[in-house]
Amino acid sequence: MAAAQVAGSLPGGPPPETPGEPPFDPGRGFRCLSARLCALRPDDSSSGRTEIHLLFDQLISETYSEGSGVAPEDVSTLLVQACRLVPLNQNHLVSKLSQLIHHLLNTLQVNLLQNALKGIQSLLNGGKMKLTQTDELGALLAVLKKSMFHGLPGLNIEMPTVLYPTPLPQYDGRPPIQPQQSESSTSRPAVSKKKKSKVKAKKIHQGEKEEEEEESSGEREVAPVTGPGRLNLHRGDAQGPSSPGAQSLPLAGSGAAGKDRVSSPFSSSSWRRVSSSESDYSDAEGGMQSKVRSYQAKVRQGALACFLSTIKSIEKKVLYGYWSAFVPDTPELGSPQSVSLMTLTLKDPSPKTRACALQVLSAILEGSKQFLSIAEDTSDHKRAFTPFSVMIASSIKELHRCLLLALVAESSSQTLTQIIKCLANLVSNSPYNRLKLSLLTKVWNQIKPYIRHKDVNVRVSSLTLLGAIVSTHAPLPEVQLLLQQPCSSGLGSSSSATPHLSPPEWWKKAPSGPFVEEGAVSSPKLSSEPCWLIRLCISIVVLPREDSCSDLSPLLSVLAHLARGYFSMTQVYLMELGEVICKCLGEADPSVQLHGAKLLEELGTSLIHQYKPDSSVAPDQRVPVPLVVTFWTMMLNGPLPRALQNAEHPTLQASACDALSSILPEAFSSLPSDRQILCITMLLGLNDSKNRLVKAATSRALGVYVLFPCLRQDVIFVADTANAILMSLQDKSLNVRAKAAWSLGNLTDTLIVNMETPDPSFQEEFSGLLLLKMLQSAIDASKDKDKVKSNAVRALGNLLHFLQPSHIEKPRFAEIIEEAIQALISTVLIEAAMKVRWNACYALGNVFKNPALPLETAPWTSQAYNALTSVVTSCKNFKVRIRSAAALAVPHRREHYGSVEQYAQIWNALVTALQKSEDTTDFLEFKYCASLRTQICQALIHLLSLASPSDLSCIRETLELHGDMVQSFILQFLKSGTERDDAGAPHHPQERDQMVRTALGHINNVQVLTGDPAKKAIVSFLEDTLTIYFDSSGSQVALLGLTHR
């Protein structure tokens, strides 16, 4: 009867509420059972023992979660009463009491940890916890790291109270001998048999059921066993399979394969009330051990969720100070591996916890490119210490090793997806150009089989990883070799093969289409062995798909990366890729349309790079222009115009504009006239769009078209483009104004190019009123933000250079010329971005090139020189100094340098700049020292070649004081070549010594009083300089010529 009464009062879940009942109290079941236990008196009868036994079972099976209302004093009272009731001679009841005590204390302690972690996460997410002090952040990270490994079987770490940022490991987190007993000896999973998913009797929500099944199937045994894909728990080392093939690996994870998105492991379900039916583990007995393990896993997941919120709350440069505390490093020989996030990834039995650890690691790796760029892989073991760069390289290699091991050992599809995403983040940020070969090869060979995995999310993430490989530091020789591998390598059929894909032979065929018919332009090797990855992507996109939910975006991203970094392989498939683009632009999914437009832009940009004057591609290896014309004709006759006119999707319109701006100029001129008109008309029309993305893209595209040789002399087109750009310069969006300013700079470059042609008709027909409008708009834009200002001053310099005498003579131009030059002068002197000041110096140099401007009489001339001499001697940025020195060397007539005092000021400033050419506190500027000295020497020699009799005394005084220094740097200028930054500097040695000869000849011809000491000193200085140079270079002929003269 007692048993029947107890069974009838089992708290099997919240009873259904009725209108007359109070709301459900989550702690009512515990209090009811506690009251019944406290009402009992010690009774050694069989019925009494049975009732106590059943009450203990009910208390053990009761759920104690957050908000349950169970107070610690109530638990204490219950346990005291339980001890009074149990006879010590009843071993079974004593054992049951021990289980109850252990269960209650463990469960309530873990719930407390979960609640504390949830509170910290809420504070972090709400921005109420400001981690500004190192001690505060270090204390939090220490607590989180301890909690991350809470209850992990076979692992017990000792943690300091505070973690401090350091590039070296602060401590060894594991005991040197055998690991101690974990918090509960019962928390270790059994190793004698594998657990199986138990069939739930209770009905649950379908989504929760799928999640349970996936976690159950993805559960991992953590026993210290050896063999491929297994982990040695106590040593921390892991050995993966020797073969990269994955046919024999447990790739077939279970779970919902048709989901389009992988749910985040940090979803709200991580904090759900834990019940026996919602455990992370399948437990056939449904006993206490499974619950304790589940609670401990929830603590680890909560700690990882808190860590993820912490990462989002602090700057990355602060986070990377704690890199070694959370990211593994290659252990020294015989040393154990320190605990890290990879410890959880490899050893945690819960697939959800493994996924959480991987998401945290991905967050750390995201945006780490600059930090990891210092890595240097070296085999030099003779150093007394390990440099930080070597330590980071070692850490990168260990991350690769551990993630690849996790990849082959994982069976849960959701966790597998997170591993691959983490690998993609690692690949995107690692400096493979500074590391030894084979890292990418290992990743490549391991991931290839997964592109045919039965789970769609695994397939998508695998393609994303391949895209990261082909985009990192492209082109890499290692990746180029991988792309040339035989198509069937590593892609054998397996149980996880994608059902709707045909056997590999369907994409082995050689490329076909007009490209092959008209003659392939790649090498015979590439033509006979096409890139298997491109063929795979093309075939999946073009062939009919049974799975309508297949995401084409990663495939198209891979193709876009290949088009950008490995175009020599991609160009073989040009026309087939054109079909892919047309198909994508015709899809209903805007995301697929966007990726199609991006692929078109990448192909067009790569074609343009092939035809640039400095291209390294041989002419016979380029895609023929007629084929490029055919390609673009297909685009313009296809769905591209519809995408440009799709006002419902402005992002697509903007992307289509970017694609349209990537037409090869040589191909555009060969397009049918109606297609040319179509392109121009659509761009000019879209410039009126109200959407800022479309307007910015259109402004940029017009700036590209105005440079086309077939369009730049069309006065009507240039004028229409100018009016459209000037309108965009007034837009409220900074991005639109920045793009418009860039296009205005390009348009003014076109004006300069047209001015240098023999035909003066363009200058004559171009509207003076439009020039005034352009000048005024550029002046206004020069007062805008730096993004706009840098190109506005470039445009001002070109416009002032372009002005013809007929313009300058008009009174209405005089005022705006003065205003434009004052804008340039102020921009040179202000503390703006380097690019802005560089462009302003360049613009003043352009002003000096216009012989029609009154440089010798205008009051602004001396102001311009003063600004440039100030910059050349004091600017912190050496590139700006170089450009100002170049601008000072532009005028070609002595009158343009003004008075004797003005000339002397310029000369002395350049000598001072030469003295200070190594004075900098910024290490990055030292690499420009030689270029700066080269440009200053060229300016000094130029000034000597224009000197008047009145200037010689000033020059002589300077040479008397600093002649040795000046001569040594001029000799360096004569002996050494120049760098790319020396725009306009002579590159050939004969040109450089000819400059000095010209200056010497000019000084010799200067008419001065007989015996003038200044002239004699300068001539002697130049002759000595040339003599030393010719002696050192062995040019006896030149030396004889100099002596004779």
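Note that the coordinates shown come from a computational prediction; the quantities given were computed from them, not determined experimentally.

**Q** Before we move on, can you summarise the overall build of the protein with the specific residues and values?
**A** Within the protein one finds 47 helices and 0 strands. Accessible surface, the protein as shown: approximately 45800 Å² in total, 54% of it carbon and sulfur.

**Q** Describe the nonpolar core, listing the residues and the values that go with them.
**A** Core analysis: the largest hydrophobic core is formed by 277 residues, its most contacted members being F307, L533 and Y705. Residue assignment places this core across two domains, with domain 1 (28-127) and domain 2 (286-378 + 385-484) each supplying three or more. Sequence-distant contacts of Y705, defined by excluding residues within four places in its chain, comprise L660, S661, I663, F668, C679, I680, L683, L711 and F717.

**Q** Would you mind going over unusual backbone geometry in detail, with residue names and values included?
**A** P475 follows A474 through a cis peptide bond whose omega is -5°. Tracing the backbone shows P475 in the loop between helix 17 (456-471) and helix 18 (477-483). In the Ramachandran plot, S438 falls in the positive-phi region, its phi being about 100° despite a non-glycine side chain. The backbone of H473 shows a phi angle near 50°, a positive value even though the residue is not glycine.

**Q** Which residues make up the packing of aromatic side chains, and what values go with them?
**A** Throughout the structure, instances matching the rule amount to 17 aromatic pairs. Note on W323 and F371: the rings are 5.2 Å apart at their centroids and 55° apart in plane angle, and the pair reads as tilted. Pair noted here: W323 is in helix 10 (residues 323-326) and F371 is in helix 13 (residues 369-372), with a separation of 48 residues, a long-range link. Each member of the pair, W323 together with F371, is buried. Centroid distance F762 to F766: 5.5 Å. Interplanar angle 25°. Geometry classified as stacked. Each member of the aromatic cluster is reached from another via a ring pair, and the members are Y320, W323, F371 and F388. Over the face of the ring belonging to F326 we find K145, whose NZ or CZ atom lies 5.7 Å from the ring centre.

**Q** Explain the environment of H988 to me, using residue names and the numbers behind them.
**A** Here H988 is to be found in the loop between helix 44 (952-975) and helix 45 (989-1005). Remark: the alpha-carbon pair of H988 and L974, spanning 14 residues in sequence, is separated by 9.4 Å.

**Q** Tell me about the state of the cysteines, residues and numbers included.
**A** Evaluation of the coordinates by the stated rule reveals 0 disulfides. Its sulfur unpaired, C875 is 7.6 Å from the next cysteine sulfur, which belongs to C841. Classification of C875 as buried rests on a relative accessible area of 7%.

**Q** Can you explain helix 42 (residues 900-915)? Please cite residues and give values.
**A** Counted at 1.5 Å a residue, the expected span for helix 42 with its 16 residues is 22 Å, and the 23 Å between its end C-alpha atoms agrees. Buried within helix 42 we find Q902, Y903, A904, I906, W907, A909, L910, V911, A913 and L914. Looking at the buried residues of helix 42, the elements they touch are helix 40 (860-874), helix 41 (878-888), helix 43 (929-946) and helix 44.

**Q** Please give an account of the packing of helix 38 (residues 811-829) against helix 40 that cites residues and values.
**A** Contact geometry of helix 38 with helix 40 gives a least axis separation of 9 Å together with a crossing angle of 15°. What the angle tells us is that helix 38 and helix 40 run roughly parallel. You can see that helix 38 and helix 40 cross each other, and the crossing is left-handed. Listed contacts from helix 40 to E818, I821, Q822, I825, V828 and L829 of helix 38 are W860, Q863, A864, A867, S870 and V871. By residue class, the composition of the contact of helix 38 with helix 40 is 8 nonpolar, 3 polar and 1 charged.

**Q** Please give an account of the packing of helix 17 against helix 22 (residues 553-565) that cites residues and values.
**A** Two elements in contact, helix 17 and helix 22, have axes whose closest approach is 9 Å; the angle formed by their N-to-C orientations is 10°. As summarised for this structure, helix 17 and helix 22 are arranged roughly parallel, according to the angle between their axes. For the pair helix 17 and helix 22, the contacting residues are V460, L463, T464, L466, G467, V470 and S471 in the first and P554, L555, V558, H561 and L562 in the second. Residues of the contact of helix 17 with helix 22, tallied by class, amount to 8 nonpolar, 4 polar and no charged.

**Q** Could you give an account of the confidence of the model for the protein, with specific residues and numbers?
**A** Residues of the protein with pLDDT of at least 70 account for 76%, and the chain-wide mean is 79. Scored below 50 in pLDDT, residues 222-263 shows 99 contacts in the model against residues more than four places distant or in partner chains. Overall, residues 1036-1040 carries pLDDT values under 50, and its contacts beyond four positions in sequence, including any with other chains, amount to 5 contacts.

**Q** Break down the pattern of salt bridges for me, citing the residues and quoting the values.
**A** Tallied over the entire structure, the rule returns 20 salt bridges. Salt-bridge contacts for K317 lead to E315; the nearest nitrogen and oxygen are separated by 3.6 Å. Assessed through its relative accessible area of 48%, E315 is described here as partly exposed. Between R737 and D784 there is a salt bridge; the shortest N-O distance is 2.7 Å. You can see R737 sitting in helix 33 (residues 734-755) and its partner D784 sitting in the loop between helix 35 (768-781) and helix 36 (786-802), a full 47 residues away along the chain. Taken together, the shared-partner salt bridges in this structure form one network comprising R564, K598, E601 and E602.

**Q** I'd like a rundown of the environment of Y865, residues and numbers included.
**A** By the element assignment, Y865 lies in helix 40. Here the alpha-carbon distance between Y865 and Q905, two residues 40 residues apart in the chain, equals 8.9 Å. Polar contacts involving the side chain of Y865 include one to the main-chain carbonyl oxygen of H896, which spans 2.8 Å.

So, how was this worked out
- Residues numbered from 1 in each chain as written.
- Predicted model: local features only at pLDDT ≥ 70, side-chain atom pairs only at ≥ 80, totals over all residues.
- Heavy atoms only, no water.
- Helix = DSSP H or I, 4+ residues; strand = E, 2+ residues; numbered from the N terminus.
- Areas by Shrake-Rupley, 256 points an atom, 1.4 Å probe, with all protein chains shown as cover.
- Core = buried A, V, L, I, M, F, W, Y, C linked by side-chain atoms within 4.5 Å.
- Buried < 20%, exposed > 50% of the residue type's maximum accessible area, 1.4 Å probe, protein only.
- Domains from an automatic or database assignment.
- Contact = heavy atoms within 4.5 Å.
- Phe/Tyr/Trp six-rings, centres within 6.5 Å; stacked < 30°, edge-to-face > 60°.
- Lys NZ or Arg CZ within 6 Å of the ring centre and 35° of its normal.
- Disulfide = S-S within 2.5 Å.
- Expected span 1.5 Å × (residues − 1).
- Axes fitted to C-alpha atoms, helices over the stretch in contact; angles between N-to-C directions.
- Parallel < 35°, antiparallel > 145°, perpendicular 65-115°, else oblique.
- Left-handed = near helix turned anticlockwise from the far one by under 90°.
- Nonpolar A, V, L, I, M, F, W, Y, C, P; charged D, E, K, R; others polar.
- pLDDT = per-residue confidence, 0-100.
- Salt bridge = Lys/Arg side-chain N within 4 Å of Asp/Glu carboxyl O.
- Polar contact = N/O pair within 3.5 Å; in protein donor to acceptor, adjacent residues only side chain to side chain.

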